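Below, each chain spelled out in residue letters.
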Amino acid sequence: MSIPSQKVSSSNKLIYQRLKQAIDLNLRRQIFIAACDDLCLRDCLAARLQTELASENAGSPIDYPRFVSLELDLSDPNPWGSIAAWLTQHPPPQNRGSYSPLPGFQILGAEHLTRHSAAVQWSFLSYLRDIEAHLQMWESTVLLWVSRPWLSSIEHSAPEFWHWRTGVFEFEGEPTPAKGDFGHFEDLENSGNLRNLRDKGDSGDKLLISSLSEQSPIADSPSPIADSPSPIADSPSPIADSPSPIAGSPSPIAGSPSPIADSPSVELANLVLAAASSEELEAENNGASEDNFLPLQTLQYIELLQEHQCCSEALALAYHSLGNYYRDRILGGDPSLQNLTIAIGAIEQAIAYLELDANSQQNQPPTDECARLISELTQNLTQYAQESNNLPPVDDLLNDLGTLYWMLSRDRTQHNASDPVSCLERSIALYLEGLNRTNAETAPQTRVRLNKNLGIASADLARYRDKTENLQQAVAAYQQALLDLDPAVEPQQYAAAQNNLATAYWNLAQDGEPIAYLKSAIAAYAQALSCYSPEREPLNYAGVQNNLGTACWNLAQHEPSEPLFVTAIEAYREALKYRTRELVPAAAAATYNNLGTAYWHLANQFQQKQARTESLQQAITAYEAALDIAGDIDQTQLTFDALAARNNLGLAHYQLATDPHFAANKVAQTSHLEAALHHQLQVCAEWGQHLKDKGLTYGDKLNLQAPANSQAADSRQTALSYIVKTIRAFYSECGLPGQNLALSKVPGDLLPEILRRL
């Protein structure tokens, strides 16, 4: 392990010497934790430690390492397993004697866990809590290197490991080169939820983060991203933008045989017949209308056109009409897998014939019979007379077909066997093909529509793979759309594109360069708000305000600033003027949860005395509103973790009651402590019930690797820790009667665990 070049301050040199001397003692079962936020400095110290300890062992007659560096396996972050695997691969020599103890181990790489899933992070903490089971296996020294946010997380979420620590060595964070190999911002995907959250006092309390995908579940701080920015009612759909029928595939098939005998056309006919048959049975009871048989009529015309070898344009027109029928069903609120599949097949056939006609048959006049059939087709299929008489440009058809594939990617019904990734890739390819065929001067609106839809589909694909690359493509597409939009002429479209651009920036900020991307997101949200009128678009306006608050909150995690928290609070409050309980209860609850989180951080990071007390009280009010609304709606509609919000509410009550500057009387303090205990007991009971439903209790290792089970076990233990702290606060503030009052509220099945901890 080479020693990186790094200038070490005098204070860090002193801490390093103390750490090295502690390891040199060679005592049994030493557990050290070293905290360092500067990765360059950390690597320098770790390399020097290994080199110096190895040199001290150079005179030993047995060639066996004195000190070993291990990288944490991020796919299975089990430090004990890594040590056991090394010892298995490097068994101690048989004649090592009493003078040659087992090597010590330093574990590196824990800071990279913030870029991995919640389940992986929870499993790491779970492994640390299992320390007692592993200490009996060996007597080695173990040194765990972590960042300060992880140090705080371990203290509160892995109390068993924390209890066994021999010493903690906190190195001062020194500046890391902006373009260095270790890229400080690479490790900030979720660390915005963790850093700078430690209390100024000794309590070390943390808020619980909401349990969301791609968000850290560590019990340190809640993220207001429970209602993360999302494109506002501007999904890639031709509904509002184009009346043109759906059609188009991105690649011409002019060189292939006539599609008449193609298996896709046969499969499409079978699908239409099957759908019509099932609908005919339903229509017998409801009274069939002519519209029920329109697809069958269209198939008959297609068969006649093929039989008389009519021009490809006529066949494209017929398939186009068939696609329009199913497209209108989809836009009418029935985006079923059957409707999507038939619409896609019909449009792809229309494009195939259109391309064939353009390349090989454009100069052949129709026969008399073909002319008669085409006339009947346009007259009898009157529902789409205006659309069907003239095929739209290919770029419009490509846009519509891309949108259908995008809709198919989002259909997660059990009967849909389509791979969302392949659907999104197809959608993006169609949008790009449409842009290649669009004339920006003659069809600017089509170009705007294609770019906006390309941005949305690319952002969706980023959820599955190549996140940064696809998000950057989304940003470029939105920016191009905005160049072609005039905010004075089309303010709503301009605002929606700005919101979606900001959302793409926000997602990019979760992976790297958070400060730059978040500032860009905030600027784009501000542009969107300048074009949204709360009177005309109240919910869209409120959604952007919520997103602005979230972006400001996130930026404050990287550049702590009281004005950023104040701006976030103002944005959330503005959003709640229109995100009301009556109109959109789930969205209102999420914004109240975000508001409570912003007040909590404002109180704990910047404010003191009376201002801090007022902000904590505002946080309590907001969390109570969020939970009150959440209790009245279906829990599946919630976009935030209600249990995490309840835990945060209890923590705010606890902090208010134990704040030395809280100028309330004992009655008020007792009231807040009782409220804190009430909410903490509810959280503990909910997680305990989850484990009980799974047939598990904490301590069972069976199936605890399943993310839901692991999270439930960890969250229950965290809730128990808060309960114990609150009971101790009862004793501290109210004496023995207060403690007895608190214990009287604890359910009997919890008392043994609580009393052991007390």
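Note that the coordinates shown come from a computational prediction; the quantities given were computed from them, not determined experimentally. Throughout, a residue's number is its position along its own chain's written sequence, starting from 1. With the structure being a predicted model, the display of local features is reserved for residues of pLDDT at least 70 and the display and counting of side-chain atom pairs for 80 or more, all residues being used for whole-chain, interface and lining totals. The side-chain values count all of the structure's non-hydrogen atoms but skip hydrogen atoms and water molecules.

Nonpolar cores are built from buried Ala, Val, Leu, Ile, Met, Phe, Trp, Tyr and Cys residues. Side-chain atoms within 4.5 Å join them into one set. Summary of the burial criterion: residues with accessible area below 20% of their type's maximum are buried, those above 50% are exposed, and those between are partly exposed, where the area comes from a 1.4 Å probe applied to protein chains only. The biggest cluster of nonpolar side chains holds 148 residues, and the ones touching the most others in it are Tyr326, Leu404, Tyr525, Phe640, Ile723, Ile727 and Ile754. Examining the composition of this core, we find that 11 residues originate from one element, helix α18 (residues 491-509), more than from any other. What isoleucine 723 contacts, discounting residues up to four positions off in sequence, is Leu677, Gln680, Leu681, Cys684 and Ile754. Helix numbering and strand numbering both begin at the N terminus, where a helix is a DSSP run of H or I of at least 4 residues and a strand a DSSP run of E of at least 2. Here, residues are in contact when the closest pair of their heavy atoms is within 4.5 Å.

What follows covers the state of the cysteines. We call a pair of cysteine sulfur atoms a disulfide when they lie within 2.5 Å. In the structure shown here, the tally under the stated rule is zero disulfides. For the unlinked cysteine cysteine 44, the closest cysteine sulfur is that of cysteine 40, found at 9.3 Å. For cysteine 44, a relative accessible area of 0% corresponds to the buried category.

With that settled, consider the environment of glutamine 610. Examined against the element boundaries, glutamine 610 turns out to sit in helix α23 (residues 609-630). Sequence separation of glutamine 610 and histidine 661 is 51 residues, and the distance between their C-alpha atoms is 7.3 Å.

Quick look at the packing of aromatic side chains now. Aromatic pairing here means that ring centres of Phe, Tyr or Trp (its six-membered ring) are within 6.5 Å. Orientation follows from the plane angle: under 30 degrees is stacked, over 60 is edge-to-face, and everything else is tilted. All chains considered together, the criterion is met by nine aromatic pairs. Note on tryptophan 80 and phenylalanine 161: the rings are 6.3 Å apart at their centroids and 50° apart in plane angle, and the pair reads as tilted. Here tryptophan 80, found in helix α3 (residues 79-89), pairs with phenylalanine 161, found in helix α7 (residues 159-163); they are 81 residues apart in sequence, far enough to count as distant. On the basis of relative accessible area, phenylalanine 161 is assigned to the buried category, the value being 1%. Between the aromatic rings of tryptophan 86 and phenylalanine 105, the centroid separation amounts to 5.5 Å while the plane-to-plane angle is 75°, which identifies the pairing as edge-to-face. Taken together, the residues tryptophan 86 in helix α3 and phenylalanine 105 in strand β3 (residues 104-108) connect sequence positions 19 residues apart. The pair formed by tryptophan 86 and phenylalanine 105 is uniform in burial state, with each residue classed as buried.

Spatial strand order, β2-β3-β4-β1-β5: five strands in an open sheet with parallel pairing. Only two strands of the sheet have a single neighbouring strand rather than two, namely β2 (67-71) and β5 (167-170). Sheet twist, expressed as the mean angle between neighbouring strand axes with direction ignored, is 20°. Strands are labelled as partners when DSSP assigns at least two bridges between them. With four bridges joining them, strand β1 (residues 31-35) and β5 adopt parallel strand pairing. Bridged to phenylalanine 32 within β5 is glycine 167. The angle between two axes is taken between their N-to-C directions and runs from 0 to 180 degrees, where each axis is a line fitted to C-alpha atoms and a helix contributes only its stretch in contact.

Right, let's talk about the packing of helix α17 (residues 467-483) against α18 for a bit. Helix-helix packing: each pair is described by the crossing angle between the helix axes and the interaxial distance. Interaxial distance between α17 and α18 falls to 9 Å at its minimum, and their mutual angle equals 160°. With respect to their mutual orientation, α17 and α18 come out roughly antiparallel. Remark: the crossing between α17 and α18 carries left-handed chirality. When α17 is examined against α18, the residues Lys467, Thr468, Leu471, Gln472, Ala474, Val475, Tyr478, Gln479 and Leu482 are found in contact with a partner set consisting of Tyr494, Ala497, Gln498, Asn500, Leu501, Ala504, Tyr505, Asn507 and Leu508. Angle categories: roughly parallel below 35 degrees, roughly antiparallel above 145, roughly perpendicular from 65 to 115, and oblique for all the rest. Handedness of a crossing follows from how the near helix is turned relative to the far one, being left-handed for an anticlockwise turn of less than a right angle and right-handed for a clockwise one.

Moving on to the pattern of salt bridges. Close approach of charged atoms allows side chains of opposite charge to pair. Basic side-chain nitrogens of Lys or Arg form a salt bridge, by our definition, when they fall within 4 Å of a carboxyl oxygen of Asp or Glu. Going through the model one piece at a time under the given rule, you end up with 20 salt bridges. Here glutamate 425 ties to arginine 465 by a salt bridge, and the two come within 2.3 Å at their closest N and O atoms. With glutamate 425 in helix α15 (residues 420-437) and arginine 465 in the loop between α16 (444-461) and α17, this pair connects stretches of sequence that are 40 residues apart. Relative accessible area serves as the criterion here: at 30%, glutamate 425 is assigned to the partly exposed category. In this structure arginine 465 comes out as partly exposed when scored by relative accessible area, which is 39%. Among the salt bridges present, the one from aspartate 628 reaches arginine 581, with a minimum N-O distance of 2.6 Å. Separated by 47 residues along the polypeptide, aspartate 628 in helix α23 and arginine 581 in the loop between α21 (562-576) and α22 (585-605) bring together distant segments of the chain. Aspartate 628 gets classed as partly exposed once you look at its relative accessible area, which sits at 42%.

Peptide bonds are, in most cases, trans, and in most cases residues other than glycine have a negative phi. The phi torsion at aspartate 466 lies on the positive side, around 45°, for a residue other than glycine. Within the fold, aspartate 466 resides in the loop between α16 and α17. Here the phi dihedral of glutamate 513 falls at roughly 50°; this positive angle occurs in a residue that is not glycine. Along the chain, the position of glutamate 513 falls in the loop between α18 and α19 (514-531).

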